[in-house]
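# A structural walkthrough
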Amino acid sequence: MTDPAERLQEHADEYRRDADDDRPLAAYSMLLAIYVVFVAVLAYLGRNRLPERLHASDLGLGVVATFIATRTISKDAIASPLRMAFTRYEGVSGPAELHEEVRGTGWRHAVGE
C-alpha cells in the first residue's frame, strides 16, 4: 500500500507528463485550501442572515454563481489539483483556460470527462 503523499506525487507526475512543464500544483492546492476555509468561515458567520423567502433575482444569482464555479473547476489552472488524478495537462487552449486530456478507464475516465 502506498503512502497518500506518494500517491499524490504520482498523480502530479502523471498529470504533468512533460518534465519541462513545472505546474505549481502544490501552490494551487494551498490556495484552494485557503479559499475553502475562508468561504466556510464566511458561511458560518452569515448563517443567521438568510432571508425567509428567496426572490427570482436570488435564483438568477445562484445560476450565475453555479456556472462560474463549474467553469472554474473544469477549466481554470487554479483547480488543476482537483483534476490531476483524472486528466493530463496538454497545454493552454485559451486565456486562463487549460487543455487537458482524459486518462484512465471506467470511473476514472468518466470523472475526467
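You'll find the structure just up there.
To keep things clear, this report deals only with the structure shown in the data block. (Residues numbered from 1 in each chain as written. Predicted model: local features only at pLDDT ≥ 70, side-chain atom pairs only at ≥ 80, totals over all residues. Heavy atoms only, no water.)

By size, the foremost hydrophobic cluster in this structure holds seven residues: Ala12, Tyr15, Leu25, Tyr28, Met84, Tyr89 and Leu98. Elements represented by at least two residues in this core include exactly helix H1 (4–16) and helix H2 (25–45). Each residue touching Leu98, except ones within four places of it in the same chain, is listed here: Tyr15, Arg23, Lys75, Asp76, Ala77, Ser80, Arg83, Tyr89, Gly91, Val92 and Ser93. (Core = buried A, V, L, I, M, F, W, Y, C linked by side-chain atoms within 4.5 Å. Buried < 20%, exposed > 50% of the residue type's maximum accessible area, 1.4 Å probe, protein only. Helix = DSSP H or I, 4+ residues; strand = E, 2+ residues; numbered from the N terminus. Contact = heavy atoms within 4.5 Å.)

What follows covers the environment of Arg47. The topology assignment puts Arg47 in the loop between H2 and helix H3 (56–75). The spatial distance from the C-alpha of Arg47 to the C-alpha of Thr70 is 23 Å, given a sequence separation of 23 residues. Within the structure, Arg47 has its side chain in polar contact with the backbone oxygen of Tyr44 (distance 2.5 Å). (Polar contact = N/O pair within 3.5 Å; in protein donor to acceptor, adjacent residues only side chain to side chain.)

Below, the discussion takes up the side chain of Arg103. For Arg103, the location among the structural elements is in the loop between strand S2 (97–102) and helix H5 (107–112). Looking at Arg103, its side chain comes within polar contact range of the main-chain oxygen of Thr87, at 2.9 Å.

So, on to the pattern of salt bridges. Counting across every chain of the model gives six salt bridges. We note a salt bridge from Arg103 to Glu14, for which the minimum N-O separation is 2.2 Å. One end of the pair, Arg103, is in the loop between S2 and H5; the other, Glu14, is in helix H1, with 89 residues separating them in the sequence. Accessibility expressed as a relative area gives 33% for Glu14, which makes it partly exposed. Close ionic contact of Glu97 with Arg71 constitutes a salt bridge, the shortest N to O distance being 2.3 Å. Placement of the pair is Glu97 in strand S2 and Arg71 in helix H3, with a sequence separation of 26 residues. The class of Arg71 is partly exposed, set by a relative accessible area of 35%. When salt bridges with common partners are traced through the structure, they connect Glu14, Arg103 and Arg108 into a single cluster. (Salt bridge = Lys/Arg side-chain N within 4 Å of Asp/Glu carboxyl O.)

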